[in-house]
Amino acid sequence: RRVLFRSSTFVTLLQLTGAGTDRTSNMTERTYTTVHLIRHGEVYNPEHVLYERLPGFHLSERGMRMAHETGRYLANKAETKNPTAIFSSPLDRTIDTVTAIVEELGKMPQSGNIYDVITTDERIIEARNEFRGKRIGYGEGALWKNGNWKLVQNLWRPSWGESYQEIATRVQDFVFEKVDEYPEGNVLAVMHESPIWSFRCLMEKGRPEHNMLLRKTALASVTSFTFEVGTHKLASIEYADPAADVQ
């Protein structure tokens, strides 16, 4: 006769008597995945334009040193020296950064093709910004030109481009997908300041809106989120700034 165990009282009885120990322990076992969100290094941008998603903006020499320093930091940590999977925003500055990290991890393929060991994902790309290609406050980026003043009317949405809610939602979709796809894994994802901080605010406060001047997401920093697989319950957030002293 087959019995369906639906009663919590029955499970408690099994635990008290010692019967079915393996079965009940499996019922309560929890699995976690950590996704490490890494900001790119310093970009070579002598004209100080807002580069947004524009091509051709690579890391500066200092930015490359920062990326390598963060790569060494990850290589020296037990949980990240052999990452389960590596992802990156498709933009030039993030590809430069992830390439340096992969080199420090000793994971560069014999082909020399970084795309053999990483996967790009549009969900972790830079935030859309209508000031792209301009220097804010100067020339065509002057607030009194081209109706630019309308773009800064709401600093909390923000009004100059993609909303923080949109940004955080797409990053959440990416992170939760990887949490379930790689149970007990450590996933690296190289991306951008606004997406990282918007997602962190959503996780910590329940809303992604924030003051952009108060972000804590330094260049080449690592923000690590650990979630329970399946439920996506947040277990911890850790932050590290390995490249803080790089000159």
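Structural data are supplied above this passage.
Overview of the structure. Just so we're clear, the structure is a prediction, and the values are computed from it rather than from any experiment. (Residues numbered from 1 in each chain as written. Predicted model: local features only at pLDDT ≥ 70, side-chain atom pairs only at ≥ 80, totals over all residues. Heavy atoms only, no water.)

In terms of regular secondary structure, the chain is built from 6 helices and 6 strands. N-terminal to C-terminal, the α/β element order of the chain is α-α-β-α-β-α-β-α-β-α-β-β. Put simply, the chain has 247 residues, and 45% of those count as buried. In the chain, of all internal contacts separated by at least 6 residues, the share reaching a separation of at least 24 is 70%. Only carbon and sulfur atoms are counted for the fraction: they give 49% of the accessible area of the chain, which is about 13300 Å². (Helix = DSSP H or I, 4+ residues; strand = E, 2+ residues; numbered from the N terminus. Buried < 20%, exposed > 50% of the residue type's maximum accessible area, 1.4 Å probe, protein only. Contact = heavy atoms within 4.5 Å. Areas by Shrake-Rupley, 256 points an atom, 1.4 Å probe, with all protein chains shown as cover.)

Contact pair helix α5 (residues 164-181) / helix α6 (residues 193-205): the axes reach a minimum separation of 8 Å and the direction vectors enclose 85°. By the angle class used here, α5 and α6 are roughly perpendicular. Facing Y164, I167, A168, R170, V171, Q172, V175 and F176 of α5, the residues of α6 in contact are S194, P195, S198, F199, L202 and M203. (Axes fitted to C-alpha atoms, helices over the stretch in contact; angles between N-to-C directions. Parallel < 35°, antiparallel > 145°, perpendicular 65-115°, else oblique.)

Let's shift gears to the environment of L50. Within the fold, L50 resides in the loop between β1 (32-39) and α3 (61-75). In this structure, the C-alpha to C-alpha distance between L50 and N129, residues 79 residues apart in sequence, is 8.4 Å.

In this section: α6. Given 3.6 residues per turn, any residue in an α-helix points the same way as the ones three and four places further on. Compared with the 18 Å implied by 1.5 Å per residue over 13 residues, the 18 Å span of α6 between its first and last C-alpha is a close match. Taking burial as the measure, the 13 residues of α6 include 10 buried ones, the bulk of the element. In this structure, the buried side of α6 is in contact with β1, α5, β4 (186-191), β5 (222-228) and β6 (234-240). Taken from the residues just after α6, G206 is the one with a positive phi, measuring 85°. (Expected span 1.5 Å × (residues − 1).)

Turning our attention to the side chain of R200. Tracing the chain through its elements places R200 in helix α6. Dropping the residues within four chain positions of it, R200 is found in contact with T223, F225, I237 and Y239.

Let's shift gears to the pattern of salt bridges. Going through the model one piece at a time under the given rule, you end up with 14 salt bridges. Across the salt bridge formed by R72 and E69, the nearest N and O atoms sit 2.9 Å from each other. Taken as a pair, R72 and E69 lie in helix α3 at a separation of 3 residues, close to a single helical turn. Overall, the relative accessible area of 27% leaves E69 in the partly exposed class. Members of the salt-bridge network, linked through shared partners, are D121, R123, E177, K178 and E181. (Salt bridge = Lys/Arg side-chain N within 4 Å of Asp/Glu carboxyl O.)

Attention now goes to helix α4 (residues 92-105). Over its 14 residues, α4 runs 20 Å from end to end, which matches the ideal 20 Å to within 8%, given 1.5 Å per residue. In terms of burial, α4 is largely enclosed, as 11 of its 14 residues are buried. The inward-facing, buried residues of α4 contact β1, α3, β2 (85-88), β3 (119-120) and β4.

Aromatic rings considered in pairs are described by the distance between their centres and by the relative angle of their planes. Taken as a whole, this structure holds 7 aromatic pairs when the rule is applied. Each ring, one from F199 and one from F227, has its centre 6.3 Å from the other, and the planes form 50°; the classification is tilted. One end of the pair, F199, is in helix α6; the other, F227, is in strand β5, with 28 residues separating them in the sequence. Classification of F199 as buried rests on a relative accessible area of 0%. (Phe/Tyr/Trp six-rings, centres within 6.5 Å; stacked < 30°, edge-to-face > 60°.)

This part covers the pairing of β2. Residue alternation in β2 divides its side chains into two sets, A85 and F87 and I86 and S88, and both sets are buried. The pairing of β2 with β4 spans 4 bridges and is classified as parallel. When the sheet's bridge partners are listed, F87 is paired in β4 with A189. Relative to β3, β2 runs parallel, the two sharing 2 bridges. Directly across from S88, in β3, lies its bridge partner T120. (Pairing = 2+ DSSP bridges.)

Attention now goes to the packing of α3 against α4. Two quantities define a packed helix pair, namely the angle between the helix axes and the distance between the axes. Remark: α3 packs on α4, axes separated minimally by 8 Å, with the N-to-C direction vectors making an angle of 40°. One finds that α3 runs oblique with respect to α4. When the axes of α3 and α4 are compared, the crossing they make is right-handed. Residue-level contacts link M64, A67, H68, T70, G71, R72, L74 and A75 of α3 to D96, T97, A100, I101, E103, E104 and L105 of α4. Classifying every residue of the contact of α3 with α4 by side-chain character gives 7 nonpolar, 4 polar and 4 charged. (Left-handed = near helix turned anticlockwise from the far one by under 90°. Nonpolar A, V, L, I, M, F, W, Y, C, P; charged D, E, K, R; others polar.)

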